[in-house]
Amino acid sequence: MADTLTLPRPRTAAGEVALHGVSRSFRAGGREVQALRDVSLTVAAGEFLAIVGPSGCGKSTLLRLIAGLDRPDAGHITLDGAALAGPGLDRGIVFQDHRLLPWLSVERNIALALRSLPGPEAEKTARVAELIALVGLRGFEAALPHQLSGGMSQRAAIARALCMEPKALLFDEPTSALDPELEQEVIRVIKALADEGRTMIIVTHDMRMAADVSDHVVFLHQGRIEEEGSPDMLFGAPRSERLRQFLRAGGE
Ligand code: ADP
Ligand code: MG
């Protein structure tokens, strides 16, 4: 058994995520819904991609496919060139609701996956302490999820997603359930991670954050990429009338 921690290094491991002709449909109430239609997209290693679009346009479906929580009907997804086959520790995901286990402390929630690895406990403890400091939760190691604010819970969820040093970090509307001031504390953590050059993919309604932080923006409409490019292009000079309408409506 290895006596050193088998955590991937370096700390800023970043991977390239690519979708090749990905489609996904669902059958609901006898009706076929095409959630994604032939989506091809490359997120470069270290890039911050924001996915925006109206409710029901396929954003969560896209993120779940990248996370490996669902499979495409057609096409495939690669991480650093290798086809994905289900969920893996090489991707970390944060949802709108924190999904912390209510009976475990902050420290144990964050460390859950790490504890199952072989390796010296002291090193794992140090790593978790580092993550707790990174998300600003020092002093709350022993707290239970119900004792935290929504912003603190989301920050713990981010630390948990980082625990296995994933190549890509995925977020599905991580601040949508938060009050504005708590939203800002979560955004600060997301920005700090973006500055480390990680590959990050975020679904968000927050156009300001998307404009400020992202390198690359995709506007989805009815399961297709309607427009794609730099934040300056999409927010400053949108070409598609649908995107212009969406921005006028404040990103809803
Ligand atoms: P968004 O996150 O952009 O709001 P989603 O990706 O959640 O959109 O959903 C896209 C479309 O697919 C919607 O019409 C939604 O109702 C449908 N859909 C998503 N997941 C399922 C599912 N598991 N079963 C049936 N329909 C689904
Ligand atoms: Mg969604």
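Residues numbered from 1 in each chain as written. Chains lettered and ligands numbered in written order. Predicted model: local features only at pLDDT ≥ 70, side-chain atom pairs only at ≥ 80, totals over all residues. Heavy atoms only, no water.

### Side note on the sheet that holds strand β2 (residues 31-43)
Inclusion rule: Strands pair, by our definition, only if DSSP identifies at least two bridges between them. Going along the chain from the N terminus, every DSSP run of H or I of four or more residues is numbered as a helix, and every run of E of two or more is numbered as a strand. Residue contacts follow a heavy-atom distance rule, with two residues in contact if any of their heavy atoms lie within 4.5 Å. Here the axes come from fitting lines to C-alpha atoms, over the contacting stretch only for helices, and the angles between their N-to-C directions go from 0 to 180 degrees.
What the 4 strands build is an open sheet, ordered β2-β1-β4-β5; its pairing is antiparallel. Here the strands that pair on one side only, and so sit at the sheet edges, are β2 and β5 (82-83). When strand β4 (residues 74-79) meets β5, the two strands line up antiparallel, connected through 2 bridges. Of the residues in β5, the one forming a bridge with Thr78 is Ala83. Its contacts with the sheet place helix α1 (residues 59-67) against β1 (17-28), β2 and β4, and it is angled at close to 120° to β1.

### So, the site of ligand 1
Filter applied, for reference: For this purpose, a residue is taken to be near a molecule or strand whenever a single non-hydrogen atom of the residue falls within 4 Å of it. Polar contact is defined as a pair of N or O atoms within 3.5 Å, subject to the rule that within protein one atom must be able to donate a hydrogen and the other to accept it, and that residues adjacent in sequence are counted only when both atoms are side-chain atoms. Method for areas: the Shrake-Rupley scheme with a 1.4 Å probe, in which residue coverage is limited to the protein chains shown.
For ligand 1, the full set of nearby residues is Phe26, Ala28, Val33, Ala35, Pro54, Ser55, Gly56, Cys57, Gly58, Lys59, Ser60 and Thr61. The side chain of Ser60 places a nitrogen or oxygen atom 2.9 Å from an oxygen atom of ligand 1. Between ligand 1 and Thr61, the relevant distance is 2.6 Å, taken from an oxygen atom to a side-chain nitrogen or oxygen of the residue. Protein chains bury 62% of the 550 Å² of accessible surface belonging to ligand 1 in isolation.

### Overview of the side chain of Ser240
Structurally, Ser240 can be placed in the loop between α7 (231-236) and α8 (241-248). Within the local environment of Ser240, its side chain forms a polar contact with the side chain of Glu226, the two groups lying 3.0 Å apart. Contact partners of Ser240, with chain neighbours within four places excluded, come to Phe219, Glu226 and Glu227.

### Here we look at the pairing of strand β10 (residues 224-229)
Relative to β10, strand β9 (residues 216-221) runs antiparallel, the two sharing 5 bridges. Opposite Leu220, over in β10, you have Ile225 as the bridge partner. Here β9 folds back onto β10 in antiparallel fashion, the turn holding 2 residues, of which Gln222 has a positive phi close to 45°.

### Details of the side chain of Asp70
Residue placement: Asp70 occurs in the loop between α1 and β4. Polar side-chain contacts of Asp70 include one of 2.8 Å to the side chain of Arg24.

### Examining the packing of helix α2 (residues 106-115) against helix α3 (residues 121-134)
We count it as follows: Should an angle fall under 35 degrees it is called roughly parallel, over 145 degrees roughly antiparallel, and 65 to 115 degrees roughly perpendicular, with every other angle called oblique. Handedness of a crossing is defined here by the sense of rotation of the near helix relative to the far one, left-handed for an anticlockwise turn of less than a right angle and right-handed for a clockwise turn. Under the scheme applied here, ten amino acids are nonpolar (Ala, Val, Leu, Ile, Met, Phe, Trp, Tyr, Cys and Pro), four are charged (Asp, Glu, Lys and Arg), and all others, including Gly, are polar.
Relative orientation of the contacting elements α2 and α3 amounts to 135°, with a least axis distance of 10 Å. By the angle class used here, α2 and α3 are oblique. Once α2 is placed against α3, the crossing between them reads as right-handed. Judged by residue contacts, Glu107, Ile110, Ala111, Leu114 and Arg115 of α2 engage Glu121, Lys124, Thr125, Arg127, Val128, Leu131 and Ile132 from α3. Looking at the contact of α2 with α3 residue by residue, the classes come out as 6 nonpolar, 1 polar and 5 charged.

### Quick notes on the environment of His221
Just so we agree on the cut-off: Throughout, exposure labels follow a simple rule: accessible area from a 1.4 Å probe, protein chains only, divided by the maximum for the residue type, with under 20% read as buried, over 50% as exposed, and the rest as partly exposed.
Here His221 shows up in strand β9. You can call His221 buried: its relative accessible area is 18%. In this structure, the C-alpha to C-alpha distance between His221 and Ser55, residues 166 residues apart in sequence, is 9.2 Å. Not counting chain neighbours up to four residues away, the residues in contact with His221 comprise Pro54, Cys57, Glu226 and Arg242. Within the structure, the side chain of His221 is placed 3.1 Å from the side chain of Arg242, a separation counted as a polar contact.

### Observations regarding unusual backbone geometry
Non-glycine residue Asp80 carries a positive phi angle of around 50°. Its location among the elements puts Asp80 in the loop between β4 and β5. Residue Asp80 is classed as partly exposed on the basis of its relative accessible area of 38%. Notably, Glu173 is not glycine yet its phi reads approximately 45°, a positive angle. Along the polypeptide, Glu173 turns up in the loop between β7 (168-172) and α5 (180-195).

### Structural notes on the environment of Leu62
Relative to the assigned elements, Leu62 resides in helix α1. The class for Leu62 is buried, based on a relative accessible area of 1%. Considered as a pair, Leu62 and Gly236 are 174 residues apart in the sequence and their alpha carbons are 25 Å apart. For Leu62, the residues in contact, after removing those within four places along its chain, are Leu19, Leu36, Val39, Ile51 and Leu220.

### Concerning the pattern of salt bridges
Basically, it comes down to this: Salt bridge, as used here, is a side-chain nitrogen of Lys or Arg placed within 4 Å of a carboxyl oxygen of Asp or Glu.
One pass over the full model with this rule turns up 19 salt bridges. Between Arg115 and Glu121 there is a salt bridge, with its nearest N and O atoms 2.8 Å apart. Owing to a relative accessible area of 42%, Glu121 belongs among the partly exposed residues under this scheme. Ionic contacts of the salt-bridge type, sharing partners, join the residues Arg127, Glu130, Glu165, Glu196 and Arg198 into one network.

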